[in-house]
Amino acid sequence: MQTGRIIHLNDMFFYILRQWKLCLVLVIVVGVTFGLSGISKVSQKYSENNGQDNIEVKAPGAELSNIDTVLYLENTIGSLQEYLRNSILMEINPYEEAAAVLKYQFTSLDNLDPERYVNQLEQGKIAYQSVFNSEELYEFVKSSLGVDTDIKYFKELVTMDASSNGIVLIRMIAPDADMAQKFQSAVKQYLYDNEKEILKNYQGLEAELDSEYVASVVDTRLSDTQRAQYNNLQGLQTSLDQKNMLLSEKGKEYLELAKRESKKGTYKSGQVLYKKALPKKNAGLKRKLFEAGLYAFKRVVLMIGVFIVFFALKYMWSPYLIYAYDLQDMYGFRIFDVLEAGDKERLPVIAEKIKTCMEDGHVTITGNNITQNGLELMQKLEGELKTDSLSVAVLCETGTVEALRKLKGSNNIIVIEILGKSKYNAIKKLVEDIRYCGKEVSGAVIIKDSK
């Protein structure tokens, strides 16, 4: 880019637009060429070939440990997510926990010595523990509450504590007081209905309900349990993400096939797996034309992008004068007019403009890389400018001693430059020569020369 030249984006835009003819030709050539190429590629893609066998996929040895770890983590995360989704315990607000308590007292109907009495109470405790470890009680509770969930989620809601003096405390928790009340009633009803069956092997021992209540409590232990479960899930997910990032494309491909076998329960670490080779599709004419057109369109867009970048760079780095007001920006020239090379009718108007701004004395018309048309215009302009008080000379070369002397003796210097042909460095040299002579450029006439 020329030193001192100001780049105007709107000028650059219109400069690129003026190349539309070339762009149109390139679009047609590239569109047709890649359109035909796209049809060939699409036809090959959709050629019918359905006889391919399954493709063997072997475990990448270096990544097998990571793959097995990923499978384990995904299974663990899946189980934990299912638990968190279905568990009643995880739904309970630990700061508003509804707790229901049943207190039973074992008594012996026989007059036994203290040692045998304590032993009989211990047997009663074991009998009740076996009830709460079985599934029959929880099936009854599930039916009574009308809740469709696995009985394992009921088991974690119940705790039973027994003391050596025959007191048994049964504690049930729930998300709300209504469910806790129903839970308590169901357990109490089951124990009442099945008391004889439960204690049938312990003659002379009976259990009496001592007290019962339902209350709202704060359970910090449950809060810790819930927090630990969610933290565990987050930790497992982080580990899974890290392991997945370490897998290559082949490792990921093998992992997807291993997941499928793992769900079936048939996966063994490192076994050879198989994927189905997808048959090549056969498409209709419209589909083929669409894909071929898209293939060509992408390349046309790319070509237009390259075209725009090329001419933008050409505009910025061009060594030739592109716009007249570049001289205004760079050297502060007054631009009298921009003249078409063959437009001789405007010469009197331009001459009048120049006369208005000139001092009496001598006028020198000079420039760089003057073409035949430019020279003719300079000579005609010379004729238009001559008056009794204004002498005019045309100077095509400024690099000689004689030329420099003429510049020193001139009151007014007019520069003639040609768009697209005058070079910035030559203009700079001309201005330096003029200023070396102690003169300044009075103004410039710019010629649009097509030759």
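Residues take numbers from 1 onward in each chain, read along the sequence in its written order. Confidence filtering applies because this is a predicted model: local features only for residues at pLDDT of at least 70, side-chain atom pairs given and counted only at 80 or more, and all residues used for totals across whole chains, interfaces and linings. Each side-chain value is worked out from all heavy atoms of the structure, with water and hydrogens disregarded.

With that out of the way, let us pick up the side chain of Ser223. A run of DSSP states H or I qualifies as a helix once it reaches four residues; a run of E qualifies as a strand once it reaches two. Both are numbered from the N-terminal end. Along the polypeptide, Ser223 turns up in helix α9 (residues 220-245). In what follows, residue pairs with any heavy atoms lying within 4.5 Å of each other are defined as contacts. With residues up to four places along the chain from it excluded, the contact list for Ser223 reads Pro94 and Tyr95.

The gaps left among the atoms become clear once a water-sized probe is rolled over them. The way it works is a 1 Å grid over only the protein atoms, where trapped points that fit a 1.4 Å probe form a cavity and open points with protein on both sides within 12 Å along at least five of seven lines form a pocket, and then any residue with an atom within 4 Å of a point lines it. Grid points are joined across faces, edges and corners, and a volume is the space filled by probe spheres set on the points. Of the pockets and cavities examined, the largest pocket occupies roughly 390 Å³. As for the largest pocket, its lining consists of 14 residues, of which Tyr15, Arg18, Ile322, Leu419 and Gly420 are closest to the centre. Note on residue categories: nonpolar means Ala, Val, Leu, Ile, Met, Phe, Trp, Tyr, Cys or Pro, charged means Asp, Glu, Lys or Arg, and polar means any other residue, Gly included. Residue composition of the lining of the largest pocket, by class: nine nonpolar, three polar and two charged.

This part is about the packing of helix α5 (residues 136-145) against helix α7 (residues 177-193). Relative orientation and spacing of two packed helices are given, respectively, by the angle between their axes and the distance between those axes. Lines fitted to C-alpha atoms define the axes, with helix axes restricted to the stretch in contact, and inter-axis angles between N-to-C directions lie between 0 and 180 degrees. For the pair α5 and α7, interaxial distance at closest approach is 9 Å and the crossing angle is 135°. Classified by the interaxial angle, the pair formed by α5 and α7 is oblique. Crossing of α5 against α7: the hand is right-handed. Within the contact between the two elements, α5 uses Glu136, Leu137, Phe140, Val141, Ser144 and Leu145 and α7 uses Met179, Lys182, Phe183, Ala186, Val187, Gln189 and Tyr190. Here the contact of α5 with α7 is built from residues that sort into nine nonpolar, two polar and two charged. By definition in this entry, angles of less than 35 degrees are roughly parallel, angles greater than 145 are roughly antiparallel, angles of 65 to 115 are roughly perpendicular, and the rest are oblique. Working rule for handedness: look at the near helix, and if it is turned counterclockwise from the far one by less than a right angle, call the crossing left-handed; if clockwise, right-handed.

A few words now on the nonpolar core. Among the nonpolar cores identified, the biggest contains 61 residues, and Tyr128, Phe132, Phe154, Ile170 and Leu191 are the most heavily contacted of them. Among the elements that take part in this core, helix α3 (residues 64-86) stands out by supplying eight residues, more than any other. Throughout, nonpolar core names a set of buried Ala, Val, Leu, Ile, Met, Phe, Trp, Tyr and Cys residues whose side chains join them through atoms within 4.5 Å. Classification of residues uses two cut-offs on accessible area relative to the type maximum, computed with a 1.4 Å probe and protein chains only: under 20% is buried, over 50% is exposed, and between them is partly exposed. Grouped together as the second largest cluster of nonpolar side chains are 34 residues, Ile16, Phe307, Ile413 and Ala444 included.

Whenever a carboxyl oxygen of Asp or Glu lies within 4 Å of a side-chain nitrogen of Lys or Arg, that contact is scored as a salt bridge. Using the criterion set out here, one finds 12 salt bridges in the structure. We note a salt bridge from Asp178 to Lys182, for which the minimum N-O separation is 3.5 Å. Taken together, the residues span about one helical turn, with Asp178 and Lys182 both in helix α7 at a distance of four residues. Ionic pairing is found between Arg435 and Glu440, a salt bridge with its closest N-O pair at 3.3 Å. If you follow the salt bridges from partner to partner, you end up with Glu74, Glu256 and Lys259 in one network.

Taken together, Glu82, Glu135, Glu139 and Asp150 make up a surface patch of like negative charges. As for its position among the elements, Glu135 is in the loop between α4 (114-133) and α5. Exposure remark for Glu135: the relative accessible area of 47% places this residue in the partly exposed category. Think of a patch as exposed residues, more than 30% relative accessible area, with no salt bridge, where like charges cluster within 9 Å and nonpolar side chains (Val, Leu, Ile, Met, Phe, Trp, Tyr) cluster within 5 Å. Exposure was quantified through the Shrake-Rupley algorithm and a 1.4 Å probe, taking into account, for residues, occlusion by the shown protein chains and nothing else. By the counting scheme adopted, Arg and Lys are positive, Glu and Asp are negative, and His together with the chain ends is not counted. Working definition for charges: the position is that of NZ of Lys, CZ of Arg, CG of Asp or CD of Glu.

Our next topic: the packing of aromatic side chains. Classification of ring pairs uses Phe, Tyr and Trp, with its six-membered ring standing for Trp, and accepts pairs whose centres are within 6.5 Å; under 30 degrees between planes counts as stacked, over 60 as edge-to-face, and the remaining range as tilted. Summed over the entire model, instances satisfying the criterion amount to six aromatic pairs. Here the aromatic rings of Phe140 and Tyr190 are separated by 5.6 Å at their centres, their planes lie at 50°, and the arrangement is tilted. Taken together, the positions of Phe140 in helix α5 and Tyr190 in helix α7 put the pair 50 residues apart, joining distant regions of the chain. Phe140 gets classed as partly exposed once you look at its relative accessible area, which sits at 28%. You can call Tyr190 buried: its relative accessible area is 8%. Between Phe154 and Phe183, the ring centres sit 6.0 Å apart and the planes meet at 80°, which makes this aromatic pair edge-to-face. Of this pair, Phe154 sits in helix α6 (residues 152-155) while Phe183 is found in helix α7, placing the two residues 29 residues apart along the sequence. With a relative accessible area of 0%, Phe154 lands in the buried category. For Phe183, a relative accessible area of 1% translates into the label buried.

Nothing here speaks to function; it is geometry throughout.
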